Amino acid sequence: MFSYTFMIYAFVASLFIALLCPLIGIFLVLRKYSFMGDTLSHASLAGVAIALATHTAPLAGAFIFTALASILIEFLRSKFKGNADLVLAVVLTLSVGIAITLISSNLVRGNAEAFLFGSILTISTTDLITVMSLSIIGIVAFILKYQDLLYIIIDEDLALVSGIKVKLINYLFSLMVAITVAVAIKIVGMMVLGSLLTMPVAAAMQFKQGFKRTITLSILFSLIEVLSGLVFSYYYNLAPGGLIALFSVGILFLTIILSQFIFKKRSAR
């Protein structure tokens, strides 16, 4: 399997994706903003369609448009306070409209379907460098703003009173989500990208181990899901995105059963 260059590229890219997605996903889940990942994944497809229509790099197009969409989400969130679902619906509608219009036209010259379902066959050296660079930026931003993000999750108003630049951090976090989506779309695919942001976190939360341990477990589950999906997609010629989604749901159910068993065993003592 590793005699093929594209598989080496796919595995390296997958490692970065598996590390980055739970770091961002846990904040999305705790802020009750889980569907932001799905919304921005649709935005990334619109970015890919624009890039293919203008003969530019698809991943760059995905990141630029997704970043703009994330900024728009944050802007609209301040205008529609308490209506996060409405904000996401507006951006989702805009993104889907652009993507479908361009893909159905004769302007797009390229395989947009690879970004819908994920493909391990089309990872180029440029794609790998882009994935690694964006992942490192996202991870560094997470480390630098970890404490501020945590305060905002606990109480946004209290964080503002404490001197934290909440608005700036919210915009930065939205950009971090955009980076994550742009990084993952090539391998995971737009259709199931949201699952990689939320499912490992949901599985890790079953054990109620505190914030840092939950992050560690989320990364572990994410690695298992992504690498398992990649291996099975290679041997059975299936789209990696669908397999990753199935593995993520399977691990979630296993953790639910396992956590219940552990808690019952503890209570029996």
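Residues numbered from 1 in each chain as written. Predicted model: local features only at pLDDT ≥ 70, side-chain atom pairs only at ≥ 80, totals over all residues. Heavy atoms only, no water.

Glancing now at the packing of helix 6 (residues 125–154) against helix 8 (residues 166–188). Two elements in contact, helix 6 and helix 8, have axes separated by 9 Å at closest approach and are oriented at 150°. By the angle between their directions, the pair helix 6 and helix 8 is classed as roughly antiparallel. Here helix 6 and helix 8 pass one another in a crossing that is left-handed. When helix 6 is examined against helix 8, the residues Asp-127, Val-131, Leu-134, Ser-135, Ile-137, Gly-138, Ala-141, Phe-142, Lys-145, Asp-148, Leu-149 and Ile-152 are found in contact with a partner set consisting of Val-166, Ile-169, Asn-170, Leu-172, Phe-173, Met-176, Ile-179, Ala-182, Val-183 and Lys-186. (Axes fitted to C-alpha atoms, helices over the stretch in contact; angles between N-to-C directions. Helix = DSSP H or I, 4+ residues; strand = E, 2+ residues; numbered from the N terminus. Parallel < 35°, antiparallel > 145°, perpendicular 65-115°, else oblique. Left-handed = near helix turned anticlockwise from the far one by under 90°. Contact = heavy atoms within 4.5 Å.)

Attention now goes to the side chain of Ser-195. Looking at where Ser-195 falls in the secondary structure, it is placed in helix 9 (residues 193–205). Not counting residues within four places of it along the chain, the set of residues in contact with Ser-195 comprises Pro-200, Ala-245 and Ser-248.

What follows is about the side chain of Ser-70. Note on placement: Ser-70 falls in helix 3 (residues 58–79). What makes Ser-70 buried here is its relative accessible area of 0%. Not counting residues within four places of it along the chain, the set of residues in contact with Ser-70 comprises Leu-40, Ser-174, Leu-175 and Ala-178. (Buried < 20%, exposed > 50% of the residue type's maximum accessible area, 1.4 Å probe, protein only.)

Glancing now at a nonpolar patch on the surface. Judged by side-chain polarity, Phe-232, Tyr-235, Tyr-236 and Leu-238 come together as a nonpolar surface patch covering roughly 460 Å² of accessible area. Structurally, the position occupied by Tyr-236 is in helix 10 (residues 211–236). When its relative accessible area of 54% is taken as the criterion, Tyr-236 is described as exposed. (Patch = residues over 30% accessible without salt bridge, like charges linked within 9 Å, V, L, I, M, F, W, Y side chains within 5 Å. Areas by Shrake-Rupley, 256 points an atom, 1.4 Å probe, with all protein chains shown as cover. Salt bridge = Lys/Arg side-chain N within 4 Å of Asp/Glu carboxyl O.)

With that out of the way, let us pick up the pattern of salt bridges. Applying the stated rule across the entire model yields two salt bridges. The salt bridge involving Glu-156 is made with Arg-31; its shortest N-O contact spans 3.8 Å. Of this pair, Glu-156 sits in helix 7 (residues 156–161) while Arg-31 sits in the loop between helix 1 (5–30) and helix 2 (36–53), and the two are 125 residues apart along the sequence. The partner of Glu-74 in a salt bridge is Arg-77, and the shortest N-O contact between them spans 2.9 Å. Here Glu-74 pairs with Arg-77, and both are found in helix 3, just three residues apart, close to one helical turn.

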